[in-house]
Amino acid sequence: MEVAVTKFSFTKATDANDAVLKASSLTNAAFIAGGTNLVDLMKENVARPGALVDINQLPLHTITETEEGGLMIGALVTNAATAYNPLVEKHYPLLSKAILAGASPQLRNMATAGGNLLQRTRCYYFYDTATACNKRNPGSGCPAINGFNRMHAILGASEACIAVHPSDMCIALAALNARIHVLGTGGTRTIGFNGFHRLPAETPEAENNLQPGELITAIELPAEDFSSHYQYIKVRDRSSYAFALVSVAVALQMDGNIIKEARLALGGVAHKPWRNPVVEEHLRNQQISAPLLQDAAEMMLAGARGYGHNNFKIELAKRVIIRAINEAAGIL
Amino acid sequence: MSQHTIGNSNYNSQQLYDADETIPVGFTVNGTHHTLQLTAATTLLDALREYMHLTGTKKGCDHGQCGACTVLLNGKRVNACLILAVTKDGADITTIEGIATADMLHPLQAAFIEHDAFQCGYCTPGQICSALGMLQEGRANTAEEIRELMSGNLCRCGAYTNIVDAILQYKNGGGRD
């Protein structure tokens, strides 16, 4: 018995450079780590890699403190090991909370930090090879725009694609200004979190700005203290083990009732974690108040558009933003 | 955390295996070592059921959504249906067949019986392996936390309340009267 998939060759990488070399030289190669998303997509015939490069044995399994006082999370650290790491729990509890809002305990024991960034959308049409999908089959059309789109995007979508990024972890990483360390044939580089994922525009098949063969080696959390005032609220159709309809990550630095620093990221609403620096600037050095938060919520959803079944997300997102900021600030 | 090593010494790490080629892979399952030849497309679930003939681990959804295939891999609960077996060479695996000792049920199995924590029983091996993994993790101290941390295991018969009761009894050291 085998996974009923397109035939693929298989090889193990001996080190990170070997992984990049193999992924760059083999036709249509994919890295495999936890496999929680890739193996599923291969069973569905949505992902059809020509070769798998196994990276599980690479030494990317540790979380270490950086010289600057931040954390470096190896790409192969599991979601569970990240969420329950004492340093993450102490200094970045927003990240722990977001991770634990996602998937199931079994999946969190398998899924890796690097893989979480690369997971594909849960759009039903993307998963259904009997239908068109610009992401799966560029140029074929988007049935979601005029179809069933309860889970779909309200911000940053295009005429080609209204899919959303499904991650919880990435919403916290976006709010925390994480940096992605990657290795390619040309060496290493670092990508700011906001520059990692892409909006769909005319090329929804391209979900991130990695070059072919590039390997995520680590996720770096900068040394910033958001451990006292944070919240992650995830609204979903059942109370556990479901993808977000709307999620909100908030990280604040407070001085009494004054917001000194604000980070706000939305999940379940766009093709990437959604941030808006203008809104964060609007909140900065302001005394927290109902009108201020209402303004922030309205600004955050500026330009939002529903596609029929998901119109409710616009008002829902505003209300969750206000609640999350109040709870993060300690005002209930 | 230690660097992972490739467990099977006859594994050629440089080799590129074609889709139809089999790859040597070794596991310790319930204390017994197994050496197998598997294609890369074989899941750990199929390796257990079809090649090691350990059919206690169930195939439910085969997509990581139901938890029927839950086993303990190096002590951690995982969905065996989403793991390519060749990526876990050298792993130590515990399945439902390795939970009891000889003719003596594991106390969690006994608690499931006492609390009527199943009807058809199809999800039960996964529920029990998942519960044991959860209790090892040490994060489930209340019924509410058990419900949240058992959310990766579905029961279509709806025995959830009894499953929570059985786990709570076992966790609190309660046995049968």
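What counts and what doesn't
- Numbering of residues starts from 1 in every chain and runs along the sequence as written.
- Chains carry letters and ligands carry numbers; both start at the beginning, A for chains and 1 for ligands, and go up in the order they are written.
- Owing to the predicted nature of the model, reporting of local features is limited to residues with pLDDT of at least 70; listing and counting of side-chain atom pairs is limited to 80 or more, with chain, interface and lining totals taken over all residues.
- Side-chain measures here rest on the full set of heavy atoms in the structure, leaving out hydrogens and waters.
- We count a stretch as a helix when DSSP gives it H or I for four or more residues in a row; a strand needs E for two or more, and each element gets its number in order from the N terminus.
- For a compact globule the rule gives 2.2 Å times the number of residues to the power 0.38, and the radius of gyration it is set against comes from C-alpha atoms.
- To sort residues, take the accessible area from a 1.4 Å probe on protein chains only and compare it with the maximum for the residue type: under 20% means buried, over 50% means exposed, and anything in between is partly exposed.
- Residue contacts are defined here by distance: any two heavy atoms, one from each residue, within 4.5 Å place the two residues in contact.
- Reported accessibility uses the Shrake-Rupley method at a 1.4 Å probe radius. Residues are deemed covered only where the shown protein chains occlude them.
- Only four residue types enter the charge count, namely Lys and Arg as positive and Asp and Glu as negative; His and the chain termini do not.
- Here the site of a charge means atom NZ of a Lys, CZ of an Arg, CG of an Asp or CD of a Glu.
- Per the annotation, domain bounds derive from an automatic or database assignment of domains.
- Put simply, buried area is how much 1.4 Å-probe accessible surface two parts lose in total, over both of them, once they are put together.
- Here, a salt bridge means any side-chain nitrogen of Lys or Arg that lies within 4 Å of a carboxyl oxygen of Asp or Glu.
- Think of a polar contact as two N or O atoms within 3.5 Å of one another; within protein, one of them needs to be a possible hydrogen donor and the other a possible acceptor, and neighboring residues in sequence only count if both atoms come from side chains.
- Residues are grouped as follows: Ala, Val, Leu, Ile, Met, Phe, Trp, Tyr, Cys and Pro are nonpolar; Asp, Glu, Lys and Arg are charged; all remaining types, including Gly, are polar.

Moving on: the overall build of chain B. The helix and strand inventory of chain B stands at 5 helices and 5 strands. Counting from the amino terminus, chain B carries its helices and strands in the arrangement β-β-α-β-β-β-α-α-α-α. A compact globule built from 177 residues would reach a C-alpha radius of gyration of about 16 Å, and chain B, at 17 Å, matches this within 12%. Principal-axis analysis of the C-alpha atoms gives chain B an extent of 55 × 30 × 30 Å. Buried positions account for 50% of the 177 residues belonging to chain B. Counted over contacts in chain B with a minimum sequence separation of 6, partners at least 24 positions apart contribute 53%. Accessible surface for chain B amounts to roughly 8,200 Å². Of this, 47% is attributable to carbon and sulfur atoms. Averaging the coordinates of the 11 positive side-chain charges in chain B and doing the same for the 18 negative ones gives two points 5 Å apart.

Of all 8 residues that make up helix 5 (residues 93-100) of chain A, 6 are buried, and the element is covered over most of its length. Considered for burial, the residues of helix 5 of chain A that qualify are Pro93, Leu94, Leu95, Ser96, Ala98 and Ile99 of chain A.

So, on to the domain arrangement of chain B. Quite often, the size of an interface is put as the accessible area lost when its parts meet. Residue and element names in this part refer to chain B. Under the domain assignment, chain B is made up of domain 1 (23-98) and domain 2 (107-171). Across the boundary between the two partners, domain 1 contributes 15 residues, which contact 15 residues of domain 2. Buried area between domain 1 and domain 2, both sides added, is near 1,200 Å², and the carbon and sulfur share of it is 57%. Counting across the interface, domain 1 meets domain 2 through 1 salt bridge. Ionic pairing is found between Glu137 and Arg77, a salt bridge with its closest N-O pair at 2.9 Å. Taken together, the links from domain 1 to domain 2 amount to 7 residue pairs in polar contact (both at pLDDT 80 or more). For the side of domain 1 that touches domain 2, the element with the highest residue contribution is strand 3 (residues 70-73), accounting for 3 residues. Its residues assigned to classes, the side of domain 1 that touches domain 2 comprises 5 nonpolar, 7 polar and 3 charged.

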